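So the chains spell out like this:
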Amino acid sequence: MERLGVRSLHAVLGDWQAGAGASLAGRLAAAMRVAIESGVLPVGTMLPAERSMARGLGVSRSTVTAALLTLKNEGLLSARHGSGTRVGSPGADTRNLPGDTGDSGPGVIDLAESSPGDARALPSVGVDLDALLRSGSSLGYTPAGLPGLRRAVADRFGADGLPTDPAQVIITNGAQHALALCFAQLTEPGCPVVLDDPTYPGVLDLLRARKLDPIGLPRHSGAIDADRLRDLVVRTGAEVAYLQTLVHNPTGYSGDDASLDELADAVEELGLRVIEDVVLADLRFDHTRPAPLAARSASGLRGDAVVVVGSVSKLGWGGLRIGWLRAEEGEVDRILRSRRADDLGSSVPSQVISTAVLAEFDVLVESRRRTLSRRSELACSLLREQCPEWKFTPPSGGLSVWVELPRHQTAGRLVSLALDHGVVVHSGNVSSVNDDGDRFLRICFDRPEPQL
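Quick caveat: nothing in here was measured; it's all calculated off a predicted structure.

Asker: What exactly am I supposed to notice about the overall build of the protein here?
Answerer: The helix and strand tally for the protein stands at 14 helices and 15 strands. Along the longest, intermediate and shortest principal axes, the C-alpha atoms of the protein span 65 × 50 × 45 Å. Looking at the protein as a whole, 53% of its 452 residues qualify as buried. Restricting the contact set of the protein to residue pairs at least 6 apart, pairs at least 24 apart contribute 72%. Approximately 19300 Å² of the protein is accessible, and the part contributed by carbon and sulfur atoms is 50%.

Asker: Sorry if this is basic, but what is going on with the sheet that holds strand β5 (residues 192-197) here?
Answerer: Hydrogen bonds between backbone atoms are what pair the strands of a sheet, whose relative direction is either parallel or antiparallel. Strand order in this open sheet of 7 strands is β4-β10-β9-β8-β7-β5-β6, and the pairing throughout is mixed. The outermost strands of the open sheet, each flanked by one partner alone, are β4 (169-172) and β6 (213-218). Here the average twist between neighbouring strands, direction ignored, is 20 degrees. Note that strand β9 (residues 306-311) and strand β10 (residues 323-326) share 4 bridges and pair antiparallel. Bridged to Val308 within β10 is Arg326. Sheet contacts for helix α6 (residues 147-159): β4, β9 and β10; angle to β4, the most-contacted strand, approximately 115 degrees.

Asker: It is not clear to me how the packing of aromatic side chains should be interpreted in this structure. Could you clarify?
Answerer: What the rule picks out here adds up to 2 aromatic pairs. Between Trp402 and Phe440 the ring centres are 5.1 Å apart and the planes differ by 15 degrees, which places this aromatic pair in the stacked class. Here Trp402, found in strand β12 (residues 400-404), pairs with Phe440, found in strand β15 (residues 440-444); they are 38 residues apart in sequence, far enough to count as distant.

Asker: Teacher, can you tell me more about the pairing of β6 here?
Answerer: Consecutive residues of a regular strand have side chains that alternate between opposite faces of the sheet. Note that β5 and β6 share 6 bridges and pair parallel. Along β6, the bridge assignment pairs Pro192 with Asp213. Regarding topology, helix α8 (residues 201-209) serves as the crossover connection from β5 to the parallel β6, and that connection is right-handed.

Asker: When you look at unusual backbone geometry in this model, what are you seeing that I'm missing?
Answerer: Across the chain, the bulk of peptide bonds are trans and the bulk of non-glycine residues have phi less than zero. In this structure, the amide linkage connecting Asp197 to the following residue, Pro198, adopts the cis form with an omega of 10 degrees. With respect to the helices and strands, the residue Pro198 is situated in the loop between β5 and α8. With an omega of 25 degrees, the peptide bond between Asn249 and Pro250 qualifies as cis. Mapping Pro250 onto the fold places it in the loop between β7 (240-243) and α10 (257-270). Positive phi values are uncommon outside glycine, yet Lys211 reaches one of about 60 degrees. Along the polypeptide, Lys211 turns up in the loop between α8 and β6. A relative accessible area of 63% places Lys211 in the exposed class. Of note, Arg321 is a non-glycine position whose phi angle comes to about 55 degrees, a positive value.

What counts, and where the lines are drawn
- Every chain's residues receive numbers from 1 upward, in the order its sequence appears when written.
- For this predicted model, a pLDDT threshold of at least 70 governs which residues receive local features, and a threshold of 80 or more governs which side-chain atom pairs are given and counted, while totals over whole chains, interfaces and linings are taken from all residues.
- To obtain the side-chain values, all non-hydrogen atoms of the structure were included, while hydrogens and water were left out.
- Strands are runs of DSSP state E lasting at least 2 residues, helices are runs of H or I lasting at least 4, and numbering of each runs from the N terminus.
- Exposure categories follow from relative accessible area, calculated using a 1.4 Å probe and restricted to protein chains: below 20% of the type maximum is buried, above 50% is exposed, and the middle band is partly exposed.
- For this analysis, residues touch if any pair of their heavy atoms sits within 4.5 Å.
- Surface accessibility in these figures is a Shrake-Rupley result with a 1.4 Å probe; residues are shielded only by whichever protein chains are displayed.
- A pair of strands is treated as paired once DSSP finds two or more bridges between them.
- Working convention: axes come from line fits to C-alpha atoms, limited for helices to the stretch in contact. Angles between N-to-C directions cover 0 to 180 degrees.
- Aromatic pairs are defined between Phe, Tyr and Trp rings, using the six-membered ring for Trp, whenever the two ring centres lie within 6.5 Å; interplanar angles under 30 degrees are classed as stacked, those over 60 as edge-to-face, and all others as tilted.
- Looking down the strands as they point away from you, a crossover is right-handed if its path from the first strand over the helix to the second goes clockwise.

Right, here's the structure in full:
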């Protein structure tokens, strides 16, 4: 059975990253699919190990994992623990596994994707012709977003202690798109960027795609270490940081007022630009919500020091593909000029639904908090009972628990064994800036109790 080298795979795939509209994992899966179906990658060919593929293709391991799972789901690849991944016959009857979209096949329990399992968390809202006509977008192109949704987002920021004019808000195609716009505005290829380690996996793909240099700020416990941030910025010359300040993905740790004030002092002292991710901020189990970093002007923080990113994906449903960013108006204008080059705005029906969702914000948040808190307690109880050697801190918010494994276990092996039993979890490698993620598992607990 032929084993393919990374260089040979690179030659077969060509310029697979070119194009737009799909994630990096989606583009990689598409290129491999063409190569398999055309016979360029023959049946039985053994693929390189995931870590080698990621290094050779210049992407994160999470991108490779997602692409391979997509093709396994389609029957184009098959894998067995200890024997690697090989090309299967197109149309072969293989087990249905989760794909790049995060959707699981029949009988598969997906504890990997840190997002709502489906749209059931959304309130009962709909879109009809009258709603579209009233939306304020006669042509359907909204580079900045619908006025009503921009106003609703601005009002939410104001309620959190950050007075915001709707003109400071851009509606985006999810938080991932908002982050891409921010990095495009604030960085150049080769720039160092400080970020939490571990971190939100999607940001690692963005940094690699833009050829940015990720600098890990250890976050295996509690608050962001302002002194460590100072040290990293001085040592690397970084001018931009990406930080999850209020509730952290994947650990579930939450920031507090004292640590956020210290962080604001450090950011002002360093002249640092911060992309502040508050996507999980409302999902804090103790019902408190400190003001975001961007609101801490009492510490002398410049108004333009922080760009804030949020979305409805974790609160309601990722399928709406609606997120936003908040920046100073001059920066908003520059970002919009850049956005118009390849994107004319987010889906109007999704924006109409999201406006209705935000109109019921307090009710939805309270329902989600109760559900997530209950599921977190159940997951932690089961972990203590079933896996007493595993170490974790019960999350104070969010959708996932971050587990440290004993020295004799590795996440990669456990992920593979779990797949054999129809359960999908993620190795810490998908979230890790440095190469120590195989000591950790990220387990999403936002699933029905019987699945947990």
